[in-house]
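# Observations on the model geometry
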Protein chains: 2
Amino acid sequence: MSSVFVVNSGSSSLKYQLIDLATGESRLSGLIERIGEPDSFIADHSEGMNVVLAKLGNVDDLVAVGHRVVHGGSEFDGPTLITDEVEREIDALSRLAPLHNPANLLGIRAAKKALPQVPHVAVFDTAFHQSMAPAAYTYAIDKDIAREYKVRRYGFHGTSHKYVSEQAAVMLGKPLGAVRSIILHLGNGASITAVDGGKSVDTSMGLTPLQGLVMGTRSGDIDPAVLVHLNRAAGMSISELDVLLNKQSGLLGLTGMGDMRDVQDAAINGNEEAELALQVWRHRIRHYIGAYFAQLGGLDALVFTAGIGENNALLRRRALAGLEHLGIEIDNDRNELSSRAARVISPAGARVTVMVIPTNEELEIARQVESLVL
Amino acid sequence: MSSVFVVNSGSSSLKYQLIDLATGESRLSGLIERIGEPDSFIADHSEGMNVVLAKLGNVDDLVAVGHRVVHGGSEFDGPTLITDEVEREIDALSRLAPLHNPANLLGIRAAKKALPQVPHVAVFDTAFHQSMAPAAYTYAIDKDIAREYKVRRYGFHGTSHKYVSEQAAVMLGKPLGAVRSIILHLGNGASITAVDGGKSVDTSMGLTPLQGLVMGTRSGDIDPAVLVHLNRAAGMSISELDVLLNKQSGLLGLTGMGDMRDVQDAAINGNEEAELALQVWRHRIRHYIGAYFAQLGGLDALVFTAGIGENNALLRRRALAGLEHLGIEIDNDRNELSSRAARVISPAGARVTVMVIPTNEELEIARQVESLVL
Ligand SMILES: Nc1ncnc2c1ncn2[C@@H]1O[C@H](COP(=O)(O)OP(=O)(O)O)[C@@H](O)[C@H]1O
Ligand SMILES: Nc1ncnc2c1ncn2[C@@H]1O[C@H](COP(=O)(O)OP(=O)(O)O)[C@@H](O)[C@H]1O
């Protein structure tokens, strides 16, 4: 038996899971929060890690620790053994992900100190999207500024998109190389990826996780001139605009509610702002489905995953309504069947196989770690 | 006989055309530049207007003056007689178009003074897109800020998109109400519009003409967080970012060349930056074609217009290559035929009729003015 310990470290939290490699099951999982806050028992990530390891007990079969790292820039396109040099590079990429990479590093350092005897491996949210062609990842801005400040599309949720697109090929019973799919990761954050033969060819998030779909609190796509206009007309500073677009926009900005369940309930009860928010949310999803359908030259599978995508049949149906001319259809009975399993929700014989596949980023991280160290 | 005088006023320029309503032909057209510059003969727009009117001579049959106005906000959805109240509203909308509306007003005031005996009519670039549904024009940001500062998608080039989409229905020999079309206006500025039954249902430009396609000097779509990142990492101010994205981006930013002809020549001669710029340009066009194809539920006509769209067969072919699965095809002989006339360039019997239709915003303005005043 062997296992991988998967760590997802936030600035004041530690999420962890011990994955059994033989079964793919989680033996133990948990979350420590409010690390370092004034009234917290846990002063820093090292203390947090020791608390976690005490719970884990004796893990003789641990082969490695896998760390989720948000931003791997253009440097990392797969799982990477964390050397001192790699730590420095993750640190240097903090300029692109100032909230995430430093927090991820806190977890890496605490875990390395507590578990020095096993390899530590970084798995990046951006890595899967490194296969995008320059046409897809280049923004049309000044090329020298773009190079100097590493401005380009990176894309995120890559571990989830990779896992789900591979599961989709398995469910279709086709070789990965022969499948064109669109993956809709709809959670608190949301992104959509076009996958051709197992490779990400385009994705909706960009330099940061702000671009693309309508999310819980993020705007997704807007005219970049909105920032200039609100600076001039409303006197908002760049920092205020950053907070506005990342924390006070999306469903929350449109309705005052950041959780899709509340928005949906409100819409059903006649709240017009909530209904509009759902329409904007749907409009943006259909926009990207059409764009990626065109770019892929056709489509074999369309897959829903993450909190909203896995759990909400009504919103799945609403997102796809009116796309029948692309061969995209849902079977209502299949769609409404309550299940935690990966499943097909399009009618038998449909041109595009529509599926729900629960994502499992921890398992995907463990598998990537396994492929590197074993 | 009767005629309409069409004025397009910039901050230091006056473009004009006298349109004969019976024939639709231009009797006289011209451009005065460098108004008010230190070494210019012409001190202000009033002087400029007098110079123009002297050239016009005696225009007994003039029925009205039509003014191109860039931003009509949510207030104006069609040609509008310019009263003092309307002038004030155009002025108030300057907050949304600080470079354009004040310049348009200079032309309006000079023309009203010089030609007080005829009605003056404003035709707005935004008006045609006022038919978009809230799902298409609403950005997912804080609803109160959006309302207060009028932040939403407006869209531009509306006069051109309206003219060209109506011509397309005529050429198809179908009633306007039965035609779904995508109009690609590819000039210095560039935008794409989905038109359903004569109504704009979505368009790529947004609050300002910055959003959407890759243009001569504008970036089009980017992650809005690019502004935040460049402010923090490069110390650029909002004003510098405004200039960067509007004047130093697009083809110019990617290649150092802002004119598509130069970019194409360079790409043909092996310049890799130019080749990349064409790939990014094409990628973005195909993205929107796919998105609008999905939203329209199918497509009858796809039309190229404006400088690049009307004149460059190679780029038309390149933009559409690989979209055959959507029924979008080009006939090479038809495409390469050099002509100034509206024409079909798809093969006989193609599912989607691809056309080139020269735009004529002055004629469209004259026709709208005629419909209002006669
Ligand atoms: N049945 C449901 N209907 C609508 N939304 C749901 C449902 N279940 C979960 N969600 C949404 O999914 C989100 C969490 O998605 P998840 O993928 O777990 O999170 P994250 O994006 O934070 O990783 C929650 O914010 C919640 O709004
Ligand atoms: N044959 C051509 N090939 C490529 N680009 C062309 C060609 N002819 C004109 N253009 C481009 O069209 C642009 C002008 O387009 P136009 O629609 O007239 O202008 P605007 O967008 O300024 O109204 C020029 O900047 C030029 O780059």
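Counting from 1, residues in each chain are numbered in the order their sequence is written. Written order determines the labels here, with chains lettered from A and ligands numbered from 1. Only residues with pLDDT of at least 70 get local features here, since the model is predicted, and only at 80 or more are side-chain atom pairs given and counted; chain-wide, interface and lining totals rely on the full set of residues. Side-chain numbers come from the whole structure's heavy atoms, not from hydrogens or water.

## Focus on the site of ligand 1
Residues and elements named next belong to chain A. Whether a residue is near a molecule or strand depends on its heavy atoms: if one lies within 4 Å, it is near. In the vicinity of ligand 1, the contacting residues are G187, N188, G189, D259, M260, R261, A306, G307, I308, N311 and N312. In the analysis that follows, any N or O atom pair within 3.5 Å is treated as a polar contact, provided that within protein one partner can donate a hydrogen and the other can accept it, and provided that, for residues neighboring in sequence, both atoms belong to side chains. Here N188 contributes a backbone N or O atom positioned 2.8 Å from an oxygen atom of ligand 1. Within the backbone of G189, an N or O atom sits 3.4 Å from an oxygen atom of ligand 1. Taking 570 Å² as the accessible area of ligand 1 by itself, protein coverage stands at 68%. Sorting the residues of the shell around ligand 1 by element identifies helix 10 (260–268) and helix 12 (306–311) as the ones contributing at least two each. Residue type decides the class: Asp, Glu, Lys and Arg count as charged, Ala, Val, Leu, Ile, Met, Phe, Trp, Tyr, Cys and Pro as nonpolar, and the leftover types, Gly among them, as polar. A per-class count over the shell around ligand 1 returns 3 nonpolar, 6 polar and 2 charged. Using a 1.4 Å probe, accessible areas were evaluated by the Shrake-Rupley method; residue-level cover was limited to the displayed protein chains. We count a stretch as a helix when DSSP gives it H or I for four or more residues in a row; a strand needs E for two or more, and each element gets its number in order from the N terminus.

## Section: the sheet that holds strand 5 (residues 80–81) of chain B
Residues and elements named next belong to chain B. Only strands joined by at least two bridges in the DSSP assignment are considered to pair. One open sheet accounts for 6 strands, arranged 3-2-1-4-6-5; its pairing is mixed. The sheet is open, and its two borders are formed by strand 3 (26–32) and strand 5, each paired with just one other strand. Of the strand pairs in this sheet, strand 1 (residues 3–9) and strand 2 (residues 14–20) are connected by 7 bridges, and their pairing is antiparallel. Looking at strand 2, one finds that F5 is bridged to L18.

## Structural notes on the UniProt feature "site: Transition state stabilizer" (unreviewed entry) in chain A
Residues and elements named next belong to chain A. Under the local residue numbering, the UniProt record ascribes the feature "site: Transition state stabilizer" (unreviewed entry) to H157 and R218. In this fold, H157 is placed in the loop between helix 5 (143–148) and helix 6 (158–172). Throughout, a contact is declared for two residues whenever any of their heavy atoms are within 4.5 Å. Those residues in contact with H157, other than ones at most four positions away along the chain, are D125, H129, H185, G189, A190, S191 and M205. When accessible area is computed with a 1.4 Å probe and restricted to protein chains, residues below 20% of their type maximum are described as buried, those above 50% as exposed, and intermediate ones as partly exposed. Judged by its relative accessible area of 22%, R218 is partly exposed. What R218 contacts, discounting residues up to four positions off in sequence, is G189, M205, P209, L210, L213, L245, N246, S249 and G250. UniProt positions are given in the numbering used here, feature names are shortened, and annotations may be inferred rather than shown by experiment.

## So, the domain arrangement of chain A
For the purposes of this description, domain bounds are those given by an automatic or database domain assignment. Each assigned domain of chain A is listed here: domain 1 (3–124) and domain 2 (173–361). Centre-to-centre separation of domain 1 of chain A and domain 2 of chain A, based on C-alpha positions: 29 Å.

## Quick look at the side chain of D61(B)
Looking at where D61(B) falls in the secondary structure, it is placed in the loop between helix 1 (45–56) and strand 4 (62–69). Not counting chain neighbours up to four residues away, the residues in contact with D61(B) comprise M1(B), S2(B), S3(B) and R27(B).

## Describing the relation of the copies chain B and chain A
C-alpha atoms of residues with pLDDT of at least 70 in both copies form the basis for the least-squares superposition of the copies. You can overlay chain B on chain A at an RMSD of 0.0 Å; the transform is a turn of 180° with a shift of 0.0 Å along its axis. In symmetry terms, the pair is related by a two-fold rotation axis. Of all interface residues in chain B, 100% are interface residues in chain A too; the two copies therefore contact each other through one and the same surface.

## Quick word on the interface of chain B and chain A
In this complex, chain B contributes 73 residues to the contact, which on the side of chain A involves 73 residues. Carbon and sulfur atoms make up 68% of the surface buried where chain B meets chain A, a total of about 5,900 Å² over both sides. Looking only at chain B, the three residues that lose the most surface to chain A are A140(B), P224(B) and I238(B), adding up to 11% of its buried area. By definition, a salt bridge exists where a carboxyl oxygen of Asp or Glu is found within 4 Å of a side-chain nitrogen of Lys or Arg. At the junction of chain B and chain A, the tally comes to 4 salt bridges. The salt bridge partner of E273(A) is K143(B), with a shortest N-O separation of 3.9 Å. Within the residue set of the side of chain B that touches chain A, elements represented by two or more residues are helix 4 (134–137), helix 5 (143–148), helix 7 (225–234), helix 8 (238–247), helix 9 (250–255) and helix 11 (272–296) of chain B. If one sorts the elements of the side of chain B that touches chain A by residue count, helix 11 of chain B sits on top with 15 residues. Looking at the side of chain B that touches chain A residue by residue, the class counts come to 37 nonpolar, 24 polar and 12 charged. We define buried area as the total accessible area lost by two parts upon association, computed with a 1.4 Å probe and summed across both.

## Details of the packing of helix 2 (residues 84–92) of chain B against helix 3 (residues 101–114) of chain B
Residues and elements named next belong to chain B. To define axes, lines are fitted to C-alpha atoms, for helices over the stretch in contact only, and angles between the resulting N-to-C directions are given on a 0 to 180 degree scale. It is the contact of helix 2 with helix 3, at a shortest axis distance of 9 Å, that shows an interaxial angle of 155°. The orientation of helix 2 relative to helix 3 falls into the category roughly antiparallel. Once helix 2 is placed against helix 3, the crossing between them reads as left-handed. On the side of helix 2, the interface is formed by D84, E87, I90 and D91, while helix 3 contributes N101, L105, I108, R109 and K112. Should an angle fall under 35 degrees it is called roughly parallel, over 145 degrees roughly antiparallel, and 65 to 115 degrees roughly perpendicular, with every other angle called oblique. By definition, turning the near helix anticlockwise from the far helix through less than a right angle yields a left-handed crossing, and turning it clockwise yields a right-handed one.

## With respect to unusual backbone geometry
All names here are of chain B. You will see that R34, though not glycine, has its phi angle at about 60°, which is positive. Position of R34 relative to the elements: it lies in the loop between strand 3 and helix 1. Judged by relative accessible area, which is 39%, R34 ranks as partly exposed.

## Examining the site of ligand 2
Residues and elements named next belong to chain B. Taken together, G187, N188, G189, D259, M260, R261, A306, G307, I308, N311 and N312 are the residues near ligand 2. Here N188 contributes a backbone N or O atom positioned 2.8 Å from an oxygen atom of ligand 2. Taking G189, its main chain carries an N or O atom lying 3.4 Å from an oxygen atom of ligand 2. Out of a free accessible area of 570 Å², ligand 2 has 68% covered by protein chains.

## A few points about the UniProt feature "binding site: substrate" (unreviewed entry) in chain A
Residue and element names in this part refer to chain A. The feature "binding site: substrate" (unreviewed entry), as annotated in UniProt, sits at R68 in this numbering. Mapping R68 onto the fold places it in strand 4 (residues 62–69). Beyond its immediate sequence surroundings of up to four residues, R68 is in contact with V7, N8, N104, V123, D125 and I365.

## Some details on the packing of aromatic side chains
Stacked, edge-to-face and tilted are the three classes for Phe, Tyr and Trp ring pairs, Trp counted by its six-membered ring, which pair at centre distances within 6.5 Å; planes under 30 degrees apart are stacked, over 60 edge-to-face, the rest tilted. Across all of its chains, the model carries 6 aromatic pairs over all chains by this definition. Judged by centre distance (6.1 Å) and plane angle (40°), the ring pair of F5(A) and Y16(A) falls under tilted. One end of the pair, F5(A), is in strand 1 (residues 3–9); the other, Y16(A), is in strand 2 (residues 14–20), and 11 residues separate them in sequence. The pair F5(A) / Y16(A) is uniform in exposure class, with both members buried. Residues F76(B) and F124(B) carry aromatic rings whose centres are separated by 4.5 Å and whose planes lie at 10° to one another, so their mutual orientation is stacked. Residue F76(B) is found in the loop between strand 4 and strand 5, and its partner F124(B) is found in strand 6 (residues 120–124); the two are separated by 48 residues along the sequence. Taken as a pair, F76(B) and F124(B) share a single burial class, namely buried.

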